[in-house]
Amino acid sequence: MSNTDTAKSGSTAVLPVRLRDLPDDYVKLGVTADKVELWEDGRRNTNDPNHWEWWYFDAILDDGTTVVIQFLQKTFATLSEGIGHPSINFKITLPDGTRNEQQPSFTDADCQYSTDKCDVKFGDNSFVGDLDTYEINVSPVNGIAASLKLKSITTPFRPGAGYFSFGDDDTYYTWLCVVPRGEVSGTITVGGKTMTVKGFGYHDHQWGSASHFMLWNHWTWGRQSFDDYTMVIFDMVANSRYGFKRFPLAFIQDKDGKIIFSNTHDVEYEVLEDYTDEESGKIHPKAMRYRFDHDGKQIDYSLRMDQILESVYAYGKFPEHARQEFDKLGLRPSYTRYLGTGDLTIRDGSETIERSGKLVYEFMYPGSSYKDADQS
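Criteria and thresholds
Residues numbered from 1 in each chain as written. Predicted model: local features only at pLDDT ≥ 70, side-chain atom pairs only at ≥ 80, totals over all residues. Heavy atoms only, no water. Helix = DSSP H or I, 4+ residues; strand = E, 2+ residues; numbered from the N terminus. Buried < 20%, exposed > 50% of the residue type's maximum accessible area, 1.4 Å probe, protein only. Contact = heavy atoms within 4.5 Å. Pairing = 2+ DSSP bridges. Axes fitted to C-alpha atoms, helices over the stretch in contact; angles between N-to-C directions. Phe/Tyr/Trp six-rings, centres within 6.5 Å; stacked < 30°, edge-to-face > 60°. Lys NZ or Arg CZ within 6 Å of the ring centre and 35° of its normal.

Novice: What am I meant to see in the environment of Gln307 here?
Specialist: Within the secondary structure, Gln307 is located in strand 23 (residues 297–312). Residue class for Gln307 comes out partly exposed when judged on its relative accessible area of 41%. Between the alpha carbons of Gln307 and Met364 there is a distance of 16 Å; along the sequence they are 57 residues apart. Beyond its immediate sequence surroundings of up to four residues, Gln307 is in contact with Arg337, Tyr338 and Leu339.

Structure, rendered in structure tokens:
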């Protein structure tokens, strides 16, 4: 399927949506094309109603343990309020699948933010860095804690000016991939026991002026590290109000952190196999293939689900009045995180490079069917 605009959906006019990547966009937003600056990872948003912001980190440690730490300025349950409701989404999943998770909450008075750099403090917890090195600390909460360093071995990536505008520039969603891959060291605590750890991690920063439930039909996000390449994909499909427009963001960096390929618009996309989620009844892609073909390179990348790590049918957890609102919009929000296999082929002239390995990826799924986008 090629990425194309749709002018009409039934009798309802489709609203415009675009990635802001024109010369005038960089000027208005004060950013430089192809260069991410220190202040861009600082506080970018406000506490206005429906505005939100988060700083995200995850790591896969050498023993197979995974760690997710996300500093949120608001929860989505409190999004409509004009004050902050800070919290930390903190998860440690052991190699045997045992999940340890907590979400401590704070008040605005407990928190500090900097607009000059990433310097976020929620009480005794902190997420601080300078695009190169980050210190991420979560104080003990019900037996789990973390004190980790993330040292970047790649370079930041921002698609265009980093903003997607929906309808007008006042409704926006962003993505800044600050550390596509970095070396992780430090300690984690599980069940009150502290252990020294090493591994590899990732950090991005996002903010917006509306819930992603109201903007996107679905997306696939994943990052995969090989010995000599790092592949990141963020394949985002807007919902029916915006014509199911697809933004297949992807980039590849070599072992020195140099971006050797990036993509924001065009893709050939194919679902090879489906499965049906038992709780929601929604159809999910089980295996998919992407082909990017430009700048003299042809990139083939396929993903196949091996194991479901986490499945959340968010629609079923909302109260009845909220579900009625989702029904009016044709939404049934859910989220699934997978352990899978990724296969990458890079063809550049006469040279062909093939890599394969395991990765963790996610499928965020606010819409009722991903197939709606394929049929638009």
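Novice: Help me understand the sheet that holds strand 20 (residues 259–263) in this model?
Specialist: Neighbouring strands of a sheet are bound in pairs by backbone hydrogen bonds; such pairs are parallel or else antiparallel. The sheet built from nine strands is open, its strands ordered 20-19-18-17-25-24-23-22-21 with antiparallel pairing. Of all the strands in the sheet, the pair left with one neighbour each is strand 20 and strand 21 (268–276). Strand-to-strand twist in this sheet, taken as the mean axis angle between neighbours without regard to direction, amounts to 15°. Summarising the sheet, strand 24 (residues 331–348) and strand 25 (residues 351–367) pair through 16 bridges and their orientation is antiparallel. For Arg347, the partnering residue across the bridge sits in strand 25 and is Thr352.

Novice: Can you walk me through the packing of aromatic side chains in this structure?
Specialist: Taken as a whole and judged by the stated rule, the model has 35 aromatic pairs. Seen in terms of ring centroids, Phe157 and Trp175 are 6.2 Å apart; in terms of plane orientation they differ by 65°. Their pairing is edge-to-face. With Phe157 in the loop between strand 12 (144–152) and strand 13 (163–166) and Trp175 in the loop between strand 14 (168–174) and strand 15 (176–190), this pair connects stretches of sequence that are 18 residues apart. Residue Phe157 shares its accessibility class with Trp175, and that shared class is buried. Sitting over the ring of Tyr269, Arg246 keeps its end group 4.2 Å from the ring centre. Lys282 extends its terminal NZ or CZ atom over the ring of Tyr365, reaching a point 3.7 Å from the ring centre.

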